[in-house]
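Examination of the molecular architecture
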Amino acid sequence: MANKKEARLFVFGSLYFVQGVALAYFRNFQKPFLDSHGISAARIGLLTSILLLPFVLKIFIGMISDRVSLFGKGYRKPYIVFGLLLAVLSFALVSRVNPGDNFLLFSALILVLLYSTVLRTAWLLM
């Protein structure tokens with residue numbers, strides 16, 4: 001019993017840690033970081049606008065997660081675990097990409113990261 005409770009607490013803590021890191025980057029560090037790599041203000045603004053879409057779509061993803069069972073493992077847990085793993089992978093990959101050299105790949109990985117954040121937390125709205 002204690003093992004299952006510890007595993008749940010670990011997933012819960014991991015969920016909020018990864019979400020907090022993503023939100024901190026998005027709100028505090030993205031614009032200065034990209035500016036320091038010579039990315040134009042127009043491109044930064046476009047990326048930031050696109051990154052806001054997951055938060056708008058969050059309610060719809062929440063509705064889907066309550067109706068569609070992923071991998072036959074339930075309605076919420078697979079979305080949380082899959083989103084958490086996807087976020088960790090995205091963090092690992094995006095840390096290796098220089099946005100000044102490959103802005104498109106950097107943007108795609110940041111999008112995956114933000115969408116996985118929404119995927120993990122969308123069920124909280126329902």
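Once a new chain begins, its residue numbering starts again from 1 and follows that chain's sequence as written. Residues qualify for local features only when their pLDDT is at least 70, as the model is predicted, and side-chain atom pairs are given and counted only at 80 or more; totals for whole chains, interfaces and linings, by contrast, use all residues. Values shown for side chains rest on all heavy atoms present in the structure; no hydrogens or waters enter the calculation.

1. Let's talk about the packing of aromatic side chains
Aromatic pairing here means that ring centres of Phe, Tyr or Trp (its six-membered ring) are within 6.5 Å. Orientation follows from the plane angle: under 30 degrees is stacked, over 60 is edge-to-face, and everything else is tilted. Counted by the stated rule, this structure contains one aromatic pair. Between the aromatic rings of Phe 33 and Phe 106, the centroid separation amounts to 6.0 Å while the plane-to-plane angle is 40 degrees, which identifies the pairing as tilted. On the criterion of sequence distance, the pair formed by Phe 33 in helix α1 (residues 2–36) and Phe 106 in helix α4 (residues 103–121) is long-range, its members being 73 residues apart. Only protein chains enter the calculation, and the probe is 1.4 Å; a residue is then buried if its accessible area is under 20% of its type maximum, exposed if over 50%, and partly exposed in between. With a relative accessible area of 31%, Phe 33 lands in the partly exposed category. Secondary structure elements follow DSSP: runs of H or I no shorter than four residues count as helices, runs of E no shorter than two count as strands, and numbering proceeds from the N terminus.

2. Considering the side chain of Ser 90
By secondary structure assignment, the location of Ser 90 is in helix α3 (residues 77–94). Judged by relative accessible area, which is 3%, Ser 90 ranks as buried. Should any heavy atoms of two residues lie within 4.5 Å, those residues are considered in contact. In this structure, Ser 90 is in contact with Leu 109, Val 112 and Leu 113, ignoring residues within four places of it in sequence.

3. Re the nonpolar core
Across soluble globular proteins, you tend to see nonpolar side chains buried next to one another. Here, the term nonpolar core denotes a set of buried Ala, Val, Leu, Ile, Met, Phe, Trp, Tyr and Cys residues that are joined through side-chain atoms within 4.5 Å. Grouped together as the largest cluster of nonpolar side chains are 19 residues, with contacts concentrated most on Leu 34, Leu 51, Phe 106 and Ile 110. Within the residue set of this core, elements represented by two or more residues are α1, α2 (41–65), α3 and α4. Sorting elements by how many residues they give to this core places α4 first, with six residues. Not counting chain neighbours up to four residues away, the residues in contact with Leu 34 comprise Tyr 25, Ile 39, Ile 44, Leu 47, Pro 99, Phe 103 and Phe 106.

4. Things to note about the confidence of the model for the chain
Across the chain, the average pLDDT comes to 78, with 88% of residues at or above 70. The predictor reports its confidence for every residue as pLDDT, a score running from 0 up to 100. The least confident element of the chain, judged by mean pLDDT, is α1 at 77; the most confident is α3 at 80. The model gives residues 122–126 a pLDDT under 50, and that stretch makes 15 contacts with residues more than four places away or in other chains.

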